[in-house]
There are 4 protein chains.
Amino acid sequence: MSGSTFGTLFRVTTWGESHGPGVGVVIDGCPAGIPLSEQDIQQFLDRRKPGQSKYTTKRNESDSVEILSGVFEGTTTGTPISLLVRNQDQRSRDYGNIATSYRPGHADYCFDQKYGFRDYRGGGRSSGRETIGRVAAGAIASKLLGELGIVLTTYAKSIGPVTVDEADYDFTEITNNSFYLPNKDAAKKAAEYVSTLIEQMDSCGGLIECRVDHLPAGLGEPVFDKLDALLAQAIMSIGAVKGVEIGDGFQSASSTGSTNNDPFCMQQGQVMKTSNHSGGTLGGMSDGSQLILRAAIKPTPSISQMQHTVTNSGEEIELSIHGRHDPIIVPRAVVVVEAMTALTLADLLLRNAVSRMNQIKQLYTEDKNV
Amino acid sequence: MSGSTFGTLFRVTTWGESHGPGVGVVIDGCPAGIPLSEQDIQQFLDRRKPGQSKYTTKRNESDSVEILSGVFEGTTTGTPISLLVRNQDQRSRDYGNIATSYRPGHADYCFDQKYGFRDYRGGGRSSGRETIGRVAAGAIASKLLGELGIVLTTYAKSIGPVTVDEADYDFTEITNNSFYLPNKDAAKKAAEYVSTLIEQMDSCGGLIECRVDHLPAGLGEPVFDKLDALLAQAIMSIGAVKGVEIGDGFQSASSTGSTNNDPFCMQQGQVMKTSNHSGGTLGGMSDGSQLILRAAIKPTPSISQMQHTVTNSGEEIELSIHGRHDPIIVPRAVVVVEAMTALTLADLLLRNAVSRMNQIKQLYTEDKNV
Amino acid sequence: MSGSTFGTLFRVTTWGESHGPGVGVVIDGCPAGIPLSEQDIQQFLDRRKPGQSKYTTKRNESDSVEILSGVFEGTTTGTPISLLVRNQDQRSRDYGNIATSYRPGHADYCFDQKYGFRDYRGGGRSSGRETIGRVAAGAIASKLLGELGIVLTTYAKSIGPVTVDEADYDFTEITNNSFYLPNKDAAKKAAEYVSTLIEQMDSCGGLIECRVDHLPAGLGEPVFDKLDALLAQAIMSIGAVKGVEIGDGFQSASSTGSTNNDPFCMQQGQVMKTSNHSGGTLGGMSDGSQLILRAAIKPTPSISQMQHTVTNSGEEIELSIHGRHDPIIVPRAVVVVEAMTALTLADLLLRNAVSRMNQIKQLYTEDKNV
Amino acid sequence: MSGSTFGTLFRVTTWGESHGPGVGVVIDGCPAGIPLSEQDIQQFLDRRKPGQSKYTTKRNESDSVEILSGVFEGTTTGTPISLLVRNQDQRSRDYGNIATSYRPGHADYCFDQKYGFRDYRGGGRSSGRETIGRVAAGAIASKLLGELGIVLTTYAKSIGPVTVDEADYDFTEITNNSFYLPNKDAAKKAAEYVSTLIEQMDSCGGLIECRVDHLPAGLGEPVFDKLDALLAQAIMSIGAVKGVEIGDGFQSASSTGSTNNDPFCMQQGQVMKTSNHSGGTLGGMSDGSQLILRAAIKPTPSISQMQHTVTNSGEEIELSIHGRHDPIIVPRAVVVVEAMTALTLADLLLRNAVSRMNQIKQLYTEDKNV
């Protein structure tokens, strides 16, 4: 247990079930002095809000966030920030038939095995609504990153079989289509593909990519809390993720050292790399290049097609899952991947701040209120 | 900092540099009553020992482990187990020219950026020798898993471009070749491929796969310490790993729900699945099926070919890395992947043990010495 | 930062300021299957509610708790339990003059030094209202302890100079007086003493004692997370506590080994002790005797007498603190000490549950639903 | 389990038993760039070495420390520092009769209850030798504190009934007597008292006091990781400690607010206090005054007098403990109290360093190598 907390210094704890009174998060360890409003957080939440296109669930939630603590006169105080989002649309009749049967691809059976029973309403804790807490906390982490000039860009690299090559990226397109794809044509093909799936009562997955610019070098704590290691945990902890890679990732396994190594060079007095196969990490620390990570999202397990499964009393049955499900969660998961990346970076930025004695000395001997 | 500890209850802390007096690990939280000898640990260490074939470094280290604490009369006592392996072959002259230049693909530059300087002898803390502590601790975790009948099988799925399809797996072959490949023909092809690379003063990577049988369902702590999330951290924290996936992993991103979902069924009174696309996890918990994970290993960055890089004073230079380097680390990393998997599972088995009040009640009301 | 979480497995995170929207707590790691209602928690909160006698603040708060997650059909689910208490009586005009001056005995100056500014309304995070989260979580820990037959008794041992000797304890009196003193005469004397202080616009402190019966032996995790060590942290973390002792505590410093040692004996086939100078712990683990701990509470720092202090711009001033302050916080702190003790014990009970391999083996090989 | 680690950022893990091959500690999170030699550590260890006077055990141990990692060319590197002290004098025959009986005042019974058996040689893990790891780590923490000008002074305030009032303190005397008492006459009286106890085959305890000067204000992480709370855990985790207090401690319980509050004033442009009843902490954070803490040490439980006890098979017996035991451990515990205080402060100094966004911003935007 105790698995609902992430981070060492910038530490978030999420709570809440799909059909309970609400969901939320406590952020402990956010430095004092960051401007923060509910609107800052709401913007992030709105990116994962349901019902924004015909490709996402029609569940109707306004998902309005309330800041309960940790902010005074528009600024973080250094004390825990508690955020609450009330659940509104809780039509539990949609989920009633799920109480006794194990949905394929879902956590139902595992919850029963772990705890002896489960809150079966809408998936309970394993619902996608749990990510609201992550996204809300991620909004605050992003504010912290923003103070340091760090910028995250996150988008769908592929929707099912529709993939955009790096050469065809057009980041201005990301917010112009329902899939957050960085390419207009791909978005059109994805729309056709997903429309067909909806007719077939089927679903699909995709790839999400996140790039981070202006990250200082040296972030990440060898040997277990490496930048890539904690990112891997962070991203893999998102419900539907089945794989994570950094830079060339799985492709590097079939490459050679002479090709895969990124030569260092000097540019304008700075140490740089002439290529970026590493995706911005070396030895588990940021290397000053652009950080690049990719997450593989499995197809939404909730489909209306008839599926074979068993009940919790051991009876084999056929099950058709009705209700308001996303045929693809990738578009709504884009901001979740960004949030988890931001949370990981915020934590490692704080941890890295105490790496050198001369910096600590400077901090405690200088005037603190510069 | 403080990144050298892994685990919540079964907690390991590794220490040591390539060319310091030694490397080691402290395991805190190993339950009392597990039979343990130095030989149990040595067996694991021998699997990663250098100099075992022409495809691995010729550095000559016996890597003999000494148990310094936590074991009494051949049994773990519940107190911290400290393990020490002395470094022997420390020919630091091999590495002398590395002191001031940043090797491409290595952590040198990042260490300097993080700490202001570095122990440049043999990569210091980022050396592969750091994994000795992991493997030694993993041997103990494996003993714990063995007490519960859990079995791990780990091997190279591919060496550079040479890949073995699941249909061609022959696990009896794994220990018959220098690459830990589960297929005789593939091993022959890999030998040819790597021999060519050696001639070209180049290196390659590969894929490592680990399968775990007889895992109880319900392991993993939602939502951040999910089984797959912690495995992802554990595996990605290994030096050369650039990607991690579970089950169908990246392939599931282009699949559909109707294909990717694993139907539940009853077999001999047990809930089972008729397929295993999920690779043994649902909702971040073990689902009672075989756990399957895969790691992408990048090519060894140390190559003797001339490479372009810079010095720590900002001068661009050409660098050729001599010394005793593995042209491929995959064979020696197999046991490291197994060790990290074992450590993750041991920790989650302990954490899961306190999931239900009725079990805790039973423990404290029954005679403890049954 | 990140100091608002307590516990390793039974982990609580409190949040909230005196005059923000509310205060609350998230409990992560509570085992599944414990019956829990809002009424269970409300009972504990009512014991610390203000306005219950003329010896406590007249601030009017109903302090009604809402369970936001983690409970399904009256039972804990194993997922995080989020509790919310809205602040109601927030007459911030009472505290307006505090914004710029440092109240003696308060945290104002330290907050400014740490964070650069502070939420000055009612003490912000350092307000006694922060303990609401602790008490609410403690109520749940107490339910867990109750399942194992463990019983806590907490009371004021002294109010200012009025002390009750152990020989004069009458535990039936505890709830018969406003001070939670276990003696009728002492309660009368205390009432007189505190009444005089109120007239003098002064305040006082006292001692709180907690006794725990039916604790199994062996709780506590050497060497840093010993039972007494974690209790010391837990109790000392309560705002006004300046000292903690176990058993004979400070008196044992002037005793001798032959007197202070508790001889073991057999009673009804059980190992027992013929005395209990140790207060129930040996080597940092529970020894099967009654656990006894004592906390020293300092006098309430908020007094209406004129005091000398400085402003945050460095001006020396005279300050009289008006508003609704407790002349003594001991009565309301009794339940806080009990809550912190319960939280510590619940956590250590879970941690201790995985001490022995044979027990873990039994758990995973037996039918889990016994 | 997992109780052998202390600290969040400056994190120490001790290991080792009295009669195993050795004892030691791993320090993870020490900042890079602190000059460190074995001699720095040895000086601290020598202060707790046995056999230095007739008032301490005659066990003969040189307790020489070896630095195994984390230091390069005389400077900490930021990677884990592993320290090893080999056990030498392990005359296990001294302890043979302890294998089956429970020594009064010792942890024997608790270990058996917790783990099912124990390493009975010399107390195993509960031996005072475990503190070697703490003291060695404390030496490094003290180096860190020294870089910031922070000074610790630790001494015995009382030996059994012999107490030194604050008015009679003469800190130049501390190292002039075997008891570390800050007063010559008291040292003489203590010598007489302990000599009598030795004749009576008895033992005694005492009080240890630690004062810390030049601590910056604002250290400590509300609400659970307050400075005083973590100090309480740290100090109470030392084997024989039964009570901890800060400043006026238990005396403040019978004081009044008007007396106990420390008025703030301005001195040379600094905020100061005109008294220090608080002992240097307010609201769980350092207040810029001298930090004062006191630990109550119980009498050594190992005495040669005949004592009543039971065996692990439930037989009542009489037991006389022979061997080489300290009649009083206070003198050797002085450096342990100092070490635990230093460890707590070092950790909180690092944690406090990331409290404010403007400081973090400055760190990442300035030249790091100033």
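None of the values given here were measured: they were computed from a predicted structure.

Secondary structure assignment for chain A yields eight helices and 18 strands. Radius of gyration (C-alpha) of chain A: 22 Å, near the 21 Å computed for a compact globule of 370 residues. The principal-axis extent of the C-alpha atoms belonging to chain A is close to 65 × 50 × 40 Å. Looking at the 370 residues of chain A, the share that counts as buried comes to 69%. When the accessible surface of chain A is totalled, it reaches about 11,000 Å², and 46% of it is carbon and sulfur. Once the 34 positive and 42 negative side-chain charges of chain A are each reduced to a mean point, those two points are 3 Å apart.

When chain A is fitted to chain D, the best match, at an RMSD of 0.0 Å, comes from turning it 180° and sliding it 0.0 Å along the axis. As the rotation angle and translation indicate, the two copies are arranged about a two-fold axis. A symmetric contact is evident, with 100% of the interface residues of chain A recurring at the interface of chain D.

Before going further, it helps to spend a moment on the layout of surface pockets. Of the pockets and cavities examined, the largest pocket occupies roughly 1,000 Å³. Along the wall of the largest pocket there are 41 residues; nearest its centre are Glu245(C), Phe250(C), Gln251(C), Glu245(D) and Phe250(D). Of the residues belonging to the lining of the largest pocket, the class tally is ten nonpolar, 16 polar and 15 charged.

With that out of the way, let us pick up the interface of chain A and chain D. Of the residues lining the interface, 32 residues belong to chain A; the matching set on chain D comes to 32 residues. For the pair chain A and chain D, the summed buried surface comes to about 3,000 Å²; carbon and sulfur atoms form 58% of the total. Along the contact surface separating chain A from chain D lie two salt bridges. Across the pair Glu147(A) and Lys361(D) runs a salt bridge, and its minimum N-O distance is 3.3 Å.

The partner chain B presents 104 residues to the 104 residues of chain A that form the contact. Contact between chain A and chain B buries roughly 8,100 Å² in total, counting both sides, with carbon and sulfur atoms accounting for 60%. The largest contributions to the chain A side of the interface with chain B come from Lys114(A), Phe224(A) and Lys242(A), which together make up 11% of the buried area. We note a salt bridge from Lys114(B) to Glu221(A), for which the minimum N-O separation is 2.9 Å. Joining chain A to chain B, the criterion identifies 50 residue pairs in polar contact (both at pLDDT 80 or more). Here the element with the most residues in the side of chain A that touches chain B is helix H2 (residues 108–115) of chain A; it accounts for seven residues.

Rotating chain A by 180° and translating it 0.0 Å along the rotation axis places it on chain B, where the RMSD comes to 0.0 Å. Looking at the interface residues of chain A, 100% of them are also at the interface in chain B, so both copies use one shared face.

Moving on to helix H1 (residues 38–48) of chain B. All names here are of chain B. Residues of H1 that are buried: Ile-41, Gln-42, Phe-44, Leu-45 and Arg-48. The arc that holds every buried residue of H1, seen down its axis, measures 165°, which confines them to one face. Next to the buried residues of H1 lie strand E4 (65–67), strand E7 (81–86), helix H3 (131–147) and helix H7 (330–352).

This part covers the UniProt feature "binding site: FMN" (unreviewed entry) in chain A. Using the residue numbers shown here, the UniProt feature "binding site: FMN" (unreviewed entry) corresponds to Arg125(A), Ser126(A), Ser127(A), Gly283(A), Lys298(A), Pro299(A), Thr300(A), Pro301(A), Ser302(A) and Arg324(A). Mapped onto the elements, Ser127(A) comes out in the loop between H2 and helix H3 (131–147). Every residue in contact with Ser127(A), bar those within four places of it in the chain, is listed here: Ser18(A) and Gly122(A). For Lys298(A), the location among the structural elements is in the loop between strand E16 (291–297) and strand E17 (306–310). Aside from chain neighbours lying at most four places away, what touches Lys298(A) is Gly105(A), Cys204(A), Gly205(A), Ala240(A), Lys242(A), Ser252(B), Asn260(B) and Leu282(B). Polar contacts involving the side chain of Lys298(A) include one to the main-chain carbonyl oxygen of Gly105(A), which spans 3.0 Å.

Let's shift gears to the packing of aromatic side chains. A complete count under the given rule lists 38 aromatic pairs over all chains for this structure. Taking 5.6 Å as the distance between ring centres and 40° as the angle between the ring planes, the aromatic pair formed by Phe6(A) and Phe224(B) counts as tilted. In this pair, Phe6(A) is assigned in strand E1 (residues 5–6) and Phe224(B) in the loop between strand E10 (206–213) and helix H5 (227–236), connecting two distinct chains. Each of the two residues, Phe6(A) as well as Phe224(B), counts as buried. Considering the side-chain rings of Phe72(A) and Tyr120(C), the 5.2 Å spacing of their centres and the 90° angle between planes classify their relative orientation as edge-to-face. Of the two residues, Phe72(A) is situated in strand E5 (residues 71–72) and Tyr120(C) in the loop between helix H2 (108–115) and helix H3 (131–147); the pairing between them involves two chains. Taken together, the ring pairs connect Tyr102(A), Tyr109(A) and Phe264(B) into an aromatic cluster. Just above the ring of Tyr115(A) sits the side chain of Lys114(A); from NZ or CZ to the centre is 5.8 Å.

What follows concerns empty space enclosed by the protein. The calculated volume of the largest cavity comes to roughly 1,300 Å³. Together, 45 residues line the largest cavity, and Arg11(A), Arg11(B), Thr8(C), Arg11(C) and Arg11(D) are the ones closest to its centre. Here the lining of the largest cavity gets three residues from one element, more than from any other, and that element is helix H7 (residues 330–352) of chain C.

Attention now goes to the UniProt feature "binding site: NADP(+)" (unreviewed entry) in chain A. Residue and element names in this part refer to chain A. Taking the numbering used here, the UniProt-annotated feature "binding site: NADP(+)" (unreviewed entry) corresponds to Arg-48 and Lys-54. By the secondary structure assignment, Arg-48 is in helix H1 (residues 38–48). Look at Arg-48 and you get buried, because its relative accessible area is 4%. Setting aside its immediate chain neighbours within four residues, Arg-48 contacts Asp-63, Gly-128, Arg-129, Thr-131, Ile-132, Val-135, Arg-332 and Val-335.

All names here are of chain A. Take Ser-302: it is sitting in the loop between E16 and E17. Looking at Ser-302, its side chain comes within polar contact range of the side chain of His-106, at 2.7 Å. Sequence-distant contacts of Ser-302, that is, excluding residues within four places in its chain, are made with Arg-103, His-106, Ile-321 and His-325.

Quick look at the pattern of salt bridges now. If you walk through the whole model with that rule in mind, you get 80 salt bridges over all chains. A salt bridge links Arg47(B) to Glu338(B); the shortest N-O distance between them is 3.2 Å. Linking Arg47(B) in helix H1 with Glu338(B) in helix H7, this pair joins segments that are 291 residues apart in sequence. A salt bridge links Arg86(B) to Glu66(D), with the shortest nitrogen-to-oxygen separation between them at 2.8 Å.

Okay, the state of the cysteines next. Under the definition given, this model contains zero disulfides over all chains. Cysteine Cys110(D) shares no disulfide, and the gap to the nearest cysteine sulfur, in Cys265(C), comes to 15 Å. For Cys110(D), a relative accessible area of 0% puts it in the buried group.

All names here are of chain D. Taken in spatial order, the five strands line up as E1-E2-E3-E7-E4 in an open sheet, and their pairing is antiparallel. Whereas interior strands pair on both sides, the edge strands pair on one side only; in this sheet they are strand E1 (5–6) and strand E4 (65–67). In the sheet, E4 pairs with strand E7 (residues 81–86) via three bridges, with the strands oriented antiparallel. In the sheet register, Glu-66 faces E7, and the bridge partner there is Leu-84. Here helix H1 (residues 38–48) sits on the sheet and contacts E4 and E7; the angle it forms with E4, its principal contact strand, is near 150°. Here helix H3 (residues 131–147) sits on the sheet in contact with strand E2 (11–16), strand E3 (22–28) and E7, set at roughly 35° to E3.

The rules behind the values
Residues numbered from 1 in each chain as written. Chains lettered and ligands numbered in written order. Predicted model: local features only at pLDDT ≥ 70, side-chain atom pairs only at ≥ 80, totals over all residues. Heavy atoms only, no water. Helix = DSSP H or I, 4+ residues; strand = E, 2+ residues; numbered from the N terminus. Rg over C-alpha atoms; globule rule 2.2 N^0.38 Å. Buried < 20%, exposed > 50% of the residue type's maximum accessible area, 1.4 Å probe, protein only. Areas by Shrake-Rupley, 256 points an atom, 1.4 Å probe, with all protein chains shown as cover. Lys, Arg positive; Asp, Glu negative; His and termini not counted. Charge placed at Lys NZ, Arg CZ, Asp CG, Glu CD. Least-squares fit on C-alpha atoms with pLDDT ≥ 70 in both. Contact = heavy atoms within 4.5 Å. 1 Å grid on protein atoms, 1.4 Å probe; cavity = no way out; pocket = protein on both sides within 12 Å on 5 of 7 lines; lining within 4 Å. Points joined across faces, edges and corners; volume = space filled by probe spheres on them. Nonpolar A, V, L, I, M, F, W, Y, C, P; charged D, E, K, R; others polar. Buried area = accessible area lost by both parts, 1.4 Å probe. Salt bridge = Lys/Arg side-chain N within 4 Å of Asp/Glu carboxyl O. Polar contact = N/O pair within 3.5 Å; in protein donor to acceptor, adjacent residues only side chain to side chain. Arc of directions from axis to C-beta. UniProt positions renumbered as here; feature names shortened; annotations may be inferred. Phe/Tyr/Trp six-rings, centres within 6.5 Å; stacked < 30°, edge-to-face > 60°. Lys NZ or Arg CZ within 6 Å of the ring centre and 35° of its normal. Disulfide = S-S within 2.5 Å. Pairing = 2+ DSSP bridges. Axes fitted to C-alpha atoms, helices over the stretch in contact; angles between N-to-C directions.

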